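# Overview (structure and organization)
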Amino acid sequence: MASPKKVPAFTPYYTEDQAGQVRAAFKAAGLQEGDASVSDLIVRATMREVKRLQRKYNGGKSWPPVKAGELRRGQRTMDELKHRNEGA
């Protein structure tokens, strides 16, 4: 019997307040937006941001894929947290 394919996964780290807002957004509007799960909402929102970054930094083109394991793992450092821009 063939084993199921493993899905390359990410684990985003949210504060308690952020996670509460993600759940609230899904509960309030997820089904109307076509999201069957919180994961659907997160993937849809993330891919929208990826497309924005492609337009801004790569002429609207897709970048070559980066293989799993090639990025730094773990939560952001305190210094990285000071410099992040989540927008409004």
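Residues numbered from 1 in each chain as written. Predicted model: local features only at pLDDT ≥ 70, side-chain atom pairs only at ≥ 80, totals over all residues. Heavy atoms only, no water.

## Some words on the overall build of the chain
Stated precisely, the cut-off is as follows: Numbered from the N terminus, helices here are DSSP runs of H or I no shorter than four residues, and strands are runs of E no shorter than two. Residue burial is assigned from relative accessible area. The probe radius is 1.4 Å, only protein chains are included, and a residue is buried under 20% of its type maximum, exposed over 50%, and partly exposed in between. To be clear on the numbers: accessible area is Shrake-Rupley with a 1.4 Å probe, and residue cover counts the displayed protein chains and nothing else.
Along the backbone of the chain there are 3 helices and 0 strands. Reading the helices (α) and strands (β) of the chain from amino to carboxyl end gives α-α-α. Among the 88 residues that make up the chain, the fraction classed as buried is 8%. As displayed, the chain offers around 8400 Å² of accessible surface, 57% of which is attributable to carbon and sulfur atoms.

## Side note on the confidence of the model for the chain
Stated precisely, the cut-off is as follows: Confidence of the predictor in every single residue is expressed as pLDDT, which spans 0 to 100.
This prediction gives the chain a mean pLDDT of 87; 83% of its residues lie at or above 70. The secondary-structure element of the chain with the lowest mean pLDDT is helix H3 (residues 78–83), recorded at 73, while helix H1 (residues 16–30) shows the highest, at 97.

## Details of the packing of H1 against helix H2 (residues 38–57)
Heads up, the rule is: Lines are fitted to the C-alpha atoms to define the axes, a helix being fitted only along its stretch in contact, and any angle between axes, read from their N-to-C directions, falls within 0 to 180 degrees. For this classification, under 35 degrees means roughly parallel, over 145 means roughly antiparallel, 65 to 115 means roughly perpendicular, and everything else is oblique. Any two residues whose heavy atoms approach within 4.5 Å at even a single point are treated as in contact.
It is the contact of H1 with H2, at a shortest axis distance of 10 Å, that shows an interaxial angle of 105 degrees. If you check the angle between H1 and H2, you find them roughly perpendicular. Along the contact surface, H1 presents Val22, Ala25 and Phe26, while H2 presents Val38, Leu41 and Ile42.

## Topic: H2
Note the threshold: One less than the residue count of a helix, multiplied by 1.5 Å, gives the span that helix is expected to have.
End to end, H2 covers 28 Å across 20 residues, agreeing with the expected 28 Å (1.5 Å per residue, within 8%). Following H2 by one or two positions, Gly59 has its phi on the positive side, about 60 degrees.

## Observations regarding the pattern of salt bridges
The criterion, for reference: Any carboxyl oxygen of Asp or Glu that lies within 4 Å of a side-chain nitrogen of Lys or Arg is treated as forming a salt bridge with it.
One pass over the full model with this rule turns up 2 salt bridges. A salt bridge links Glu49 to Arg52, with the shortest nitrogen-to-oxygen separation between them at 2.7 Å. Of the two residues, Glu49 and Arg52 both sit in helix H2, 3 residues apart, roughly one turn of that helix. According to the relative accessible area criterion, Glu49 is partly exposed, its value standing at 35%. Note on Arg52: relative accessible area 34%, which makes it partly exposed.

## Things to note about a nonpolar patch on the surface
Spelled out, the test is: For patch building, the residue pool is restricted to those with more than 30% relative accessible area and no salt bridge; the joining distance is 9 Å between like charges and 5 Å between nonpolar side chains (Val, Leu, Ile, Met, Phe, Trp, Tyr).
Among the surface-exposed residues, Phe10, Val66 and Leu71 lie close enough to one another that they form a single nonpolar patch of about 370 Å² accessible area. Among the structural elements, Leu71 can be located in the loop between H2 and H3. Judged by relative accessible area, Leu71 falls into the exposed class, the value being 54%.

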